[in-house]
Amino acid sequence: MSEETSEALLVTPLHALHIEMGGKMVPFAGYDMPVQYDLGVRKEHLHCRAAAGLFDVSHMGQVRLFGEHAAQALEALVPVDIIDLAAGKQRYAFFTNEQGGISDDLMVTNFGDFLLVVVNAACKQQDIAHLQANLPNDVRIEVMEDRALLALQGPQAAQVLARLNPEVSDMLFMDAQKIQLAGAECYLSRSGYSGEDGYEISVPGADAQALAQELLAFAEVEWIGLGARDSLRLEAGLCLYGHDIDPTTTPVEASLLWGISKARRAEGTRPGGFPGAELILEQIKSKNITRKRIGLLGKSKAPVREGCELFDADNNKIGIVTSGTFGPSIGMPVAMAYVNTDFSSIDTVIFAEVRTKKLPMTVVKMPFVAAHYFRG
């Protein structure tokens, strides 16, 4: 959260609706965004896990790439298989730099006649500049300033959205399609960042409020603010850019090996060819890293926040927490951290310094809460 004044902040097409619905607004990535509503963060979090939550994520960047060689060109910037991404499919990716660090994480969707790239709000301008500087002239870049982005997440999201268009029920996790919802042409994917089943809906800005209000009219749906969005993604073991991953963190250190496609690895059909490839592929091969992202589960009720230092039993500093909260779904403190790899094994007990006290925490496998993505 920044120190920006409200006069300087940008707003999403749903800003007036957030105010009307009692949203508590805060500055976030240059936008005036709702951190919570009248339910409060904890109840919003639990509602999304039990029913359906609606999120305004219109502050994120939406970019369309056109051209016969768009996939090939984008693939040169990410360690991910874009060329073979089938039409109607979505994939998680990240831009890497020459030092092997992560300059942003993003979603790439093949809609057949174009690729849709969704990037983080805080990195939006640098990412657009990165694409403009590195994609060839035969790839046309269209920044979609006129669209909103909604996420409908939770175990009842599918049955709710199917009331607007039954076709959504046939989609699986990471499927995507152009679809009509409440009279608007939307770009829909069955994905999200909560660990729950759900959808992300790119909708024309002019139609966003009507679509949101139609969804909110269903008893299962509540607005969810940034506060619960953060606790939901943390329980799901998902990284927040600028906190759990950044330009100094490699995908191997970040435990994001699953995000590096087989085709782009040393033994793959198109090895390397992305920024930082030599270092990243060497780390995969040698497993020679000094720090690693891990999940931590607390033993007390005290939350362990970002920036808390971590120690071994002999009081040696071994790492730092990058995200932490009290997990509403499991009733225990959860955190992500980077630690010396000697202390990264499951069931290792380490100690977080909170207000001069050393609180024991156990290294656990993530996610903290089982994912419920719909795979059929």
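We now turn to the structure provided with this report.

1. Thoughts on the side chain of S194
Turning to step 1, where the next piece is worked out: Position of S194 among the secondary structure elements: in the loop between β11 (184–189) and β12 (198–204).
Turning to step 2, where the next piece is worked out: When its relative accessible area of 2% is taken as the criterion, S194 is described as buried.
Turning to step 3, where the next piece is worked out: Here the side chain of S194 touches Q153 through a polar contact of 2.8 Å, side chain to side chain.
Turning to step 4, where the next piece is worked out: Setting aside residues up to four positions removed in sequence, S194 forms contacts with R49, Q153, L232, A236 and L238.

2. Some details on the packing of aromatic side chains
Turning to step 1, where the next piece is worked out: All told, the structure shown has eight aromatic pairs when counted by the stated rule.
Turning to step 2, where the next piece is worked out: Relative to F94, the ring of Y92 has its centre 5.8 Å away and its plane inclined at 70 degrees; by these criteria the two rings are edge-to-face. One exposure class covers both Y92 and F94, and it is buried.
Turning to step 3, where the next piece is worked out: R140 extends its terminal NZ or CZ atom over the ring of F66, reaching a point 4.2 Å from the ring centre.
Turning to step 4, where the next piece is worked out: One residue, R163, lies across the ring of F218, its end atom 4.9 Å from the ring centre.

3. Digging into the environment of R375
Turning to step 1, where the next piece is worked out: Looking at where R375 falls in the secondary structure, it is placed in the segment after β19 (357–364).
Turning to step 2, where the next piece is worked out: R375 gets classed as exposed once you look at its relative accessible area, which sits at 58%.
Turning to step 3, where the next piece is worked out: Sequence separation of R375 and M171 is 204 residues, and the distance between their C-alpha atoms is 8.7 Å.

4. Thoughts on the nonpolar core
Turning to step 1, where the next piece is worked out: With 31 residues, the main nonpolar core has L161 and I201 as its most contacted residues.
Turning to step 2, where the next piece is worked out: For this core, the element with the highest residue contribution is helix α6 (residues 205–216), accounting for five residues.
Turning to step 3, where the next piece is worked out: Apart from residues no more than four positions distant in its own chain, L161 is found in contact with L152, V168, L181, L188, Y199, I201 and L215.
Turning to step 4, where the next piece is worked out: Grouped together as the second largest cluster of nonpolar side chains are 22 residues, F95, L131, L135 and V139 included.

5. Section: the sheet that holds strand β7 (residues 115–119)
Turning to step 1, where the next piece is worked out: Here we have five strands laid out as an open sheet, ordered β5-β6-β7-β4-β8, and antiparallel in their pairing. Edge strands, defined here as strands with exactly one partner in the open sheet, are β5 (89–96) and β8 (140–143). The average angle at which neighbouring strand axes cross in this sheet is 25 degrees, direction not considered.
Turning to step 2, where the next piece is worked out: Strand direction decides the pairing type here: β5 and strand β6 (residues 102–110), joined by eight bridges, are antiparallel.

6. Considering the packing of helix α2 (residues 41–50) against helix α7 (residues 226–235)
Turning to step 1, where the next piece is worked out: At their nearest, the axes of α2 and α7 sit 8 Å apart, and the two run at 55 degrees to each other. Classified by the interaxial angle, the pair formed by α2 and α7 is oblique. The handedness of the crossing between α2 and α7 comes out as right-handed. Between α2 and α7, the contacting residues are V41, E44, H45, C48 and R49 on the first element and G227, A228, S231, L232 and E235 on the second.
Turning to step 2, where the next piece is worked out: Here the residues of the contact of α2 with α7 are counted per class, giving four nonpolar, three polar and three charged.

7. Some details on the side chain of T322
Turning to step 1, where the next piece is worked out: The residue T322 is located in strand β16 (residues 317–327) in this model.
Turning to step 2, where the next piece is worked out: The exposure class of T322 is buried, given its relative accessible area of 8%.
Turning to step 3, where the next piece is worked out: In terms of polar contacts, T322 uses its side chain to reach the side chain of D244, at 2.6 Å.
Turning to step 4, where the next piece is worked out: Those residues in contact with T322 that sit more than four places away from it in its chain are H243, D244, E306, M336, A337 and Y338.

8. What to know about unusual backbone geometry
Turning to step 1, where the next piece is worked out: Residue P367 is reached from M366 by a cis peptide bond, and omega for that bond is 5 degrees.
Turning to step 2, where the next piece is worked out: Among the structural elements, P367 can be located in the segment after β19.
Turning to step 3, where the next piece is worked out: At D347, a residue that is not glycine, the phi angle is positive and equals roughly 80 degrees.
Turning to step 4, where the next piece is worked out: Structurally, D347 can be placed in the loop between β17 (332–340) and β18 (349–354).
Turning to step 5, where the next piece is worked out: The backbone of R355 sits at a positive phi, close to 50 degrees, despite the residue not being glycine.
Turning to step 6, where the next piece is worked out: Relative to the helices and strands, R355 resides in the loop between β18 and β19.

About the cut-offs
Within any chain, residue numbers begin from 1 and follow the written order of that chain's sequence. The predicted nature of this model means local features are confined to residues of pLDDT at least 70 and side-chain atom pairs, given and counted, to a pLDDT of 80 or more, with totals for whole chains, interfaces and linings taken over all residues. Side-chain metrics rest on all non-hydrogen atoms present in the structure, leaving aside hydrogens and water. In this description a helix means any DSSP run of H or I spanning at least four residues, a strand means any run of E spanning at least two, and both kinds are numbered starting from the N terminus. Here the term buried applies to any residue with accessible area under 20% of the maximum for its type, exposed to any over 50%, and partly exposed to those in between, with areas from a 1.4 Å probe on protein chains only. Within 3.5 Å is the distance limit for a polar contact, defined as a pair of N or O atoms, with the added protein rule that one can donate a hydrogen and the other accept it, and that residues adjacent in sequence qualify only through two side-chain atoms. Contact between two residues is taken to exist if any of their heavy atoms lie within 4.5 Å; hydrogens are not considered. Ring pairs shown here join Phe, Tyr and Trp side chains whose ring centres sit within 6.5 Å, with only the six-membered ring taken for Trp; geometry is labelled stacked below 30 degrees between planes, edge-to-face above 60, and tilted in between. Charge-over-ring placement is defined geometrically: NZ (Lys) or CZ (Arg) within 6 Å of the ring centre, and within 35 degrees of the ring normal. By nonpolar core we mean a set of buried residues, namely Ala, Val, Leu, Ile, Met, Phe, Trp, Tyr and Cys, connected to one another through side-chain atoms within 4.5 Å. Any two strands with at least two DSSP bridges between them are considered paired. Only C-alpha atoms enter the line fits that serve as axes; for helices the fit covers just the stretch in contact. Angles between N-to-C directions range over 0 to 180 degrees. Angles are sorted into four bins: roughly parallel if under 35 degrees, roughly antiparallel if over 145, roughly perpendicular if 65 to 115, and oblique for all others. By the definition used in this description, the sense in which the near helix is turned from the far one sets the handedness, with an anticlockwise turn below a right angle giving left-handed and a clockwise turn giving right-handed. Each residue gets one of three labels, nonpolar for Ala, Val, Leu, Ile, Met, Phe, Trp, Tyr, Cys and Pro, charged for Asp, Glu, Lys and Arg, and polar for the others, Gly among them.

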